[in-house]
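Fold and contact review
Next come the chains, spelled out residue by residue.
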Amino acid sequence: MDSSTNSLDDVSADSSAEFPYRASMMEVRLQAQEDEITLLKSSLADALRRIRLHDQLLPLLKQQLIAVNPGAARVLDQVCCSDGCTSSRKLSSSSTVDGIRHTATSQLSDSTVTNANGHIGSLVSTKPRVETLNRSTQTELTLPGQDAGHDRVPLPRRAQSLQLEDALPPAESVLEGTRGKLHRVPGLEEEDDDDEQEDDEEAGGEQEKELSWTSSVEQPIQPTTIRGLQREDFQDGSCSQEEPGSASASVRASEQNLSSRSAPLSPIQEGEKKPLVRRNSEKLVNPERQRKRLDKKAASSANLLTRSPSLENRAKELIAGAGSPGSRRGTYSQGQSIKMFIRGRPITMYIPSNIQNYEDLKMETPSEKLELDWVYGYRGRDCRANLYFLPTGEAVYFLACVVVLYHINNRTQRHYRKHTDCVRCLTLHPDKVRVASGQTAGVDKDGKPLHPCVHIWDSTTLVTLQQIGLGTFQRGVGSVAFSVADCGAFLSVIDDSNEHMLSVWDCNKGTKHAEVKSTNEAVFAVEFNSSDSTNIITCGKSHVYFWTLSAGQFTKKQGIFGKYKKPKFIQCFVFSLTGDVLTGDSEGNILTWGKSAADVKTLGKGAKETFQIMRQTRAHEGSVFTLCTLQGGALLSGGGKDRKIIRWSADLAPERECEIPEKYGAVRTIADVDGEELLVGTTRNAILRGTFSDGFVAIVQGHVDEMWGLATHPSQNIFLTCGHDRQVCLWNTEEHKLDWSITLEDYGLCAGFCPNGSVVSVGLSTGRWVVLDLLTREVVCESTDGNEQLSVMRYSPDGSFLAVGSHDNFIYIYNVTESGRRYSRFGKCNGHSSFITHLDWSRDGKYIMSNSGDYEILYWDITAGCKLLRNRFESKDREWASYTCVLGFHVMGVWLEGSDGTDINALCRSHSERVVAVADDFCKVHLFQYPCPKPKAPSHRYEGHGSHVTNVCFTHSDSHLLSMGGKDTCILQWRVMGGGASDSRDRLASASSTSTSSPEPATS
């Protein structure tokens, strides 16, 4: 009672201590959002200043316009003059008359219309206008003043949308810097609205009558600019003064010139109503008032930078990037960031500077491919009768979705990989060549069930001969057996449905011969009678059934235990040379069954013969898990609790026995090699080879529980694994064997090698971590950080720091000295709001990138005291020594559409930075190109695991990839095939300059 009270006090104390931390985190997030808003306002201030600079370029543009197309300039002058007579922002009469006077007196013999206030209204041509022949480029100008009853006549839409660049020849383009487009920014509308309201009041209610036109530059042409350019027009030799009689010819020539160069104009068809786009100003405004307004906005926004000096550099960098030729303003925000969404949460990722055009990036499947090289482990913990020896010298067993053929002398492996989910059972045909293997059902990535089935395949060629029962079996296939008397013509199958259906199939045709409900209890084994294929026996929980098949119908007889104690489980059975049935049970006994006359007193009249126990032999302490008959009639039995293998004579007299080491577990199955040498499968997923006289050694070993920790050596072909079985194992990728393993007090979840390769750190489930010496296997250092499980152990590239990621949301940083044998706390990274999942060091060892369980990406400056970098934009071009974070711009494309954030458990970039391997939750290993920054990127997909893939890692030379399953306790070693020597950064730069459609993901 006291202990429980104390634990509750501890929990409440921890909760109360956590409130200030949560509050501080909210303040940090709020400050970050305020900084983002401040940055946008400061960027707008700089944009306004740039507009003022653009105004100074307008005279130059006007000169270019007059030089190449004087007629277009005159049309533009008429637009300005007509608007100036009726606009609410009225021009002074002196400047307007002065600007038009030369045209009225020296160049055109047109009448001049003057308003009452002295302004020049418009010019009226004395001759009809010559229409252009090309209707697609006609401007159909209507000169103002044709109707004396109106002050102005609206211009056609083509003249309204006239752009300065349209009059330039193709070789003379407008400078890139003059084509900025200013959009309204949320938060600043109020200021703009106030300025517009002042202008409306000065207009005297005439705002609705004025004419607007749109330009591709920000600032409208001012009347003073028009006046000066018109004067230059008359000084130009191409626009010399003519006699009054030639005025009509001048107009005609100007119109023809305009028609010939009017192709680039906006193709607005007659009668089409198209809204005008607001740029900086839609109206001809007073230049002095316009400058004052811009100065006011620039000054007020510039003050924001003074209040946030830390953002000044970022604002300059953003604006410089936005003005670059490759920028995509309007598509991306300043700084070019993109967002991906996981479970509705947006994740912002900044595009590196070396990518000029994100949309044109080309995603392809990598030239590298994977080939299964080796399978570490064996499934003996929960399967029976799954080890056989072939005449070719190969042992046949299965693990995950792979059936392994391991040559015990040559130490080579071949793999049958046609199964789509975990293999559950195995049997060998009487010809010692064909193999039948059954799998479980499972589900695909969309949750749809996959049907279980049995594959019959050739062990020599690995070719599938028959697929049996697809769509017939439920949940999975528990046991299979070939008939013996008729040379394997039939196959019996027990599925994992509630009724454990027993079915018999024709092996050659693949058709079902008969089917019957077996029992609702668990069934462990099925076999044909060795002398009669119409007799089948099944055993399991508290039962032994004897089946007779006749004319497609089954008849069942239950074994009678009689005076003997009924065991809880009948684990296995075999047929003796005399035809008797021998069973091994959970009580440690070997029972001999035979036919006998029916007991009329017990069963009543008409009872037929029954199967009863003829003899009981005490064999083992604990269960008898396996029985194996030898050629001379001898019998081998394997015990559970006592871990003994006993050889019995034909009359069940014990002859020899031996005990296997405790670390390998109990005996699960036995396979005879040559009468003397044996192969033994154990409950701790090991396969032993040996004899009674010489003992047994392990030739295959593996983990026995879920695995998560995986690390490869920085310079040698070895790797380390750890899991829930509390085992830490060091493996050799060249010799394909286990070098050593130790048992810890707690189970390990993560590991990392020191760069010097002499020690390795292992993170445990309790918050404790240990450092092991690879040679002595001793613990050279240990520490504890928090009381929750650790998820990441990562050394800096130079080995001077160790980062420990924990489920308490912190990253603990340690100084490392004495070649990885001494550790001292350096600091703690505090900022994540969920548990740490992955982290990586930068190449210079100064920064860390980390992911958390709530899909956060944070960056840390370690040398500055584990400081959180609030400006994530600054880290977009940083190079990383490794890349294991599942969230980041360079690996965004590995996420499938609709992913929930837990679909990818781990990823690893190759040391060559060419490919990235991904471990997903659907038993698949993917190989993507690196970088992979676009959604729906194609990949090579590889099957083999029967459970979620928990981790992947490349060896130091990128020659192999290691993948680790969860519940399937399987380690797959893949050989990396193909590939070139090009660098990923070169590939990224070239990909951004071309565009192509991404192919569909490839399946290998």
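**Examining the overall build of the protein chain**
If you tally the helices and strands in the protein chain, you get 12 helices and 57 strands. By residue count, 54% of the 1004 residues in the protein chain fall in the buried class. Looking at the protein chain alone, contacts between residues at least 24 apart form 53% of all its contacts between residues at least 6 apart. Carbon and sulfur atoms form 48% of the exposed surface of the protein chain, whose accessible area is close to 45000 Å².

**Details of the pattern of salt bridges**
Throughout the structure, instances matching the rule amount to 29 salt bridges. Of the charged contacts, one joins Lys-512 and Glu-515 as a salt bridge, the two residues approaching to 3.0 Å between their closest N and O atoms. The exposure class assigned to Glu-515 is partly exposed, which follows from its relative accessible area of 35%. A salt bridge links Lys-936 to Glu-897, with the nearest nitrogen and oxygen atoms 3.4 Å apart. You can see Lys-936 sitting in the loop between strand E52 (924–929) and strand E53 (940–943) and its partner Glu-897 sitting in the loop between strand E49 (867–868) and strand E50 (904–909), a full 39 residues away along the chain. We note that Lys-936, like Glu-897, is exposed. Overlapping salt bridges, with partners in common, bring together Arg-843, Glu-879, Arg-909 and Glu-913 in one network.

**Comments concerning the pairing of strand E14 (residues 477–482)**
Within E14, five of the six residues are buried, which leaves it mostly tucked inside the rest of the structure. Where E14 lies against strand E15 (residues 490–495), five bridges are found, and the strand directions are antiparallel. Residue Ala-481 lies in a different strand from E15, and its bridge partner there is Ser-492.

**Some details on the sheet that holds strand E34 (residues 707–712)**
Read from one edge to the other, the open sheet built from four strands follows the order E34-E35-E36-E37, with strand pairing classed as antiparallel. Each of the sheet's edge strands pairs with one partner strand only, and the pair in question is E34 and strand E37 (737–743). The sheet shows a mean angle of 20° between the axes of neighbouring strands, direction not considered. Pairing geometry for strand E36 (residues 727–732) and E37, over six bridges, is antiparallel.

**Here we look at the environment of Lys-448**
By secondary structure assignment, the location of Lys-448 is in the loop between strand E11 (434–439) and strand E12 (454–458). Among the residues examined, Lys-448 registers a relative accessible area of 53% and is labelled exposed. Excluding residues that lie within four positions of it along the chain, Lys-448 makes contacts with Gly-442 and Val-443.

**Some words on unusual backbone geometry**
For the peptide bond that leads from Tyr-930 to Pro-931, omega is 0°, which places it in the cis range. Mapped onto the secondary structure, Pro-931 falls in the loop between E52 and E53. Although it is not a glycine, Leu-462 sits at a positive phi angle of roughly 60°. Among the structural elements, Leu-462 can be located in the loop between E12 and strand E13 (464–468).

**Let's talk about empty space enclosed by the protein**
Enumeration according to the criterion identifies 12 cavities of 30 Å³ or more in this entry. The space that makes up the second largest cavity amounts to roughly 160 Å³. Lining the second largest cavity are 16 residues, with Tyr-350, Tyr-859, Ser-875, Lys-876 and Phe-889 positioned closest to its centre. Sorting the residues of the lining of the second largest cavity by element identifies strand E4 (345–350) and strand E48 (857–861) as the ones contributing at least two each. In terms of residue count, E4 provides more of the lining of the second largest cavity than any other element does, three residues in total. Residue classes in the lining of the second largest cavity are distributed as nine nonpolar, four polar and three charged.

**What about the state of the cysteines?**
Scanning the entire structure with this criterion turns up zero disulfides. Free of any disulfide, Cys-722 has its nearest cysteine sulfur in Cys-750, 6.7 Å distant. The class for Cys-722 is buried, based on a relative accessible area of 0%.

**So, the side chain of His-736**
As for its placement among the helices and strands, His-736 is situated in the loop between E36 and E37. Of the residues examined, His-736 reaches a relative accessible area of 18% and is grouped as buried. When sequence neighbours within four positions are dropped, the list of residues in contact with His-736 reads Asp-373, Trp-374, Tyr-376, Arg-411 and Gln-973.

**Quick notes on the sheet that holds strand E47 (residues 847–852)**
Reading across the sheet, the four strands line up as E46-E47-E48-E49 and stay open at both edges, with antiparallel pairing between neighbours. Lying at the two open borders of the sheet, with one neighbouring strand each, are strand E46 (836–841) and E49. Pairing geometry for E47 and E48, over five bridges, is antiparallel. If you follow Ile-848 over to E48, its bridge partner there is Trp-860.

**Topic: the packing of aromatic side chains**
Summed over the entire model, instances satisfying the criterion amount to 25 aromatic pairs. Judged by centre distance (5.9 Å) and plane angle (85°), the ring pair of Trp-374 and Tyr-406 falls under edge-to-face. One end of the pair, Trp-374, is in strand E5 (residues 369–376); the other, Tyr-406, is in strand E8 (residues 402–407), with 32 residues separating them in the sequence. Comparing Trp-374 with Tyr-406 shows no difference in burial state: the two are buried. Relative to Trp-593, the ring of Phe-546 lies with its centre 6.3 Å away and its plane at 55°, an arrangement referred to as tilted. Here Phe-546, found in strand E20 (residues 543–550), pairs with Trp-593, found in strand E24 (residues 589–596); they are 47 residues apart in sequence, far enough to count as distant. What makes Phe-546 buried here is its relative accessible area of 5%. Grouping aromatic residues by their ring pairs yields a cluster made of Phe-546, Phe-561, Trp-593 and Phe-611. Note that Arg-668 overlies the ring of Phe-625, its terminal NZ or CZ placed 4.6 Å from the centroid. Sitting over the ring of Tyr-358, Lys-934 keeps its end group 5.8 Å from the ring centre.

**Quick word on the nonpolar core**
Leu-370, Val-375, Leu-387, Tyr-397, Phe-954, Leu-961 and Trp-974 are the most contacted members of the largest nonpolar core, which has 47 residues in total. Ranked by residue count, the leading element in this core is E5, at five residues. Excluding its chain neighbours within four sequence positions, the residues that come into contact with Leu-370 are Val-925, Leu-927, Tyr-942, Leu-961, Trp-974, Arg-975 and Val-976. Ranked by size, the runner-up nonpolar core spans 34 residues in total, among them Ile-347, Leu-361, Tyr-859 and Tyr-930.

**A look at the environment of Gly-471**
Here Gly-471 is to be found in the loop between E13 and E14. Of the residues examined, Gly-471 reaches a relative accessible area of 47% and is grouped as partly exposed. For Gly-471, the contacting residues outside a window of four places in its chain are His-451 and Pro-452.

**Looking at the side chain of Asp-506**
Looking at the element boundaries, Asp-506 is found in strand E16 (residues 502–506). It is Lys-509 that comes nearest to the buried, bridge-free Asp-506 among opposite-charge side chains, at 4.9 Å. In terms of polar contacts, Asp-506 uses its side chain to reach the backbone amide nitrogen of Lys-509, at 3.1 Å. Beyond its immediate chain neighbours, meaning those up to four positions away, Asp-506 contacts Ile-468, Ala-489, Phe-490 and Thr-511.

**Things to note about the pairing of E47**
Of all the six residues making up E47, six are buried; the element is thus mostly covered by neighbouring parts of the structure. Every second residue of E47 is oriented toward a common face, with Tyr-847, Met-849 and Asn-851 on one face and Ile-848, Ser-850 and Ser-852 on the other, all of them buried. Strand direction decides the pairing type here: E46 and E47, joined by five bridges, are antiparallel. Note that in E47 the partner of Asp-840 across the bridge is Met-849. If you look at the hairpin formed by E46 and E47, you'll find five residues sitting between the two strands, and Gly-845 has a positive phi there, around 70°. The hairpin turn running from E47 into E48, its antiparallel successor, is four residues long, and Tyr-855 in that turn takes a positive phi close to 65°.

**A few points about the confidence of the model for the protein chain**
Parts of the prediction with low pLDDT should not have their coordinates interpreted in detail. In this model, the protein chain carries a mean pLDDT of 76, and residues with pLDDT of at least 70 account for 67%. Per-element confidence in the protein chain is highest for E8, whose mean pLDDT is 98, and lowest for strand E1 (residues 111–114), whose mean pLDDT is 36. Every residue in residues 80–285 is under pLDDT 50, and counting partners more than four places away or in other chains gives 290 contacts. Confidence drops under a pLDDT of 50 for residues 988–1004, and excluding neighbours within four residues, the segment shows 34 contacts in the predicted structure.

Cut-offs used in this document
Residues numbered from 1 in each chain as written. Predicted model: local features only at pLDDT ≥ 70, side-chain atom pairs only at ≥ 80, totals over all residues. Heavy atoms only, no water. Helix = DSSP H or I, 4+ residues; strand = E, 2+ residues; numbered from the N terminus. Buried < 20%, exposed > 50% of the residue type's maximum accessible area, 1.4 Å probe, protein only. Contact = heavy atoms within 4.5 Å. Areas by Shrake-Rupley, 256 points an atom, 1.4 Å probe, with all protein chains shown as cover. Salt bridge = Lys/Arg side-chain N within 4 Å of Asp/Glu carboxyl O. Pairing = 2+ DSSP bridges. Axes fitted to C-alpha atoms, helices over the stretch in contact; angles between N-to-C directions. 1 Å grid on protein atoms, 1.4 Å probe; cavity = no way out; pocket = protein on both sides within 12 Å on 5 of 7 lines; lining within 4 Å. Points joined across faces, edges and corners; volume = space filled by probe spheres on them. Nonpolar A, V, L, I, M, F, W, Y, C, P; charged D, E, K, R; others polar. Disulfide = S-S within 2.5 Å. Phe/Tyr/Trp six-rings, centres within 6.5 Å; stacked < 30°, edge-to-face > 60°. Lys NZ or Arg CZ within 6 Å of the ring centre and 35° of its normal. Core = buried A, V, L, I, M, F, W, Y, C linked by side-chain atoms within 4.5 Å. Lys, Arg positive; Asp, Glu negative; His and termini not counted. Polar contact = N/O pair within 3.5 Å; in protein donor to acceptor, adjacent residues only side chain to side chain. pLDDT = per-residue confidence, 0-100.

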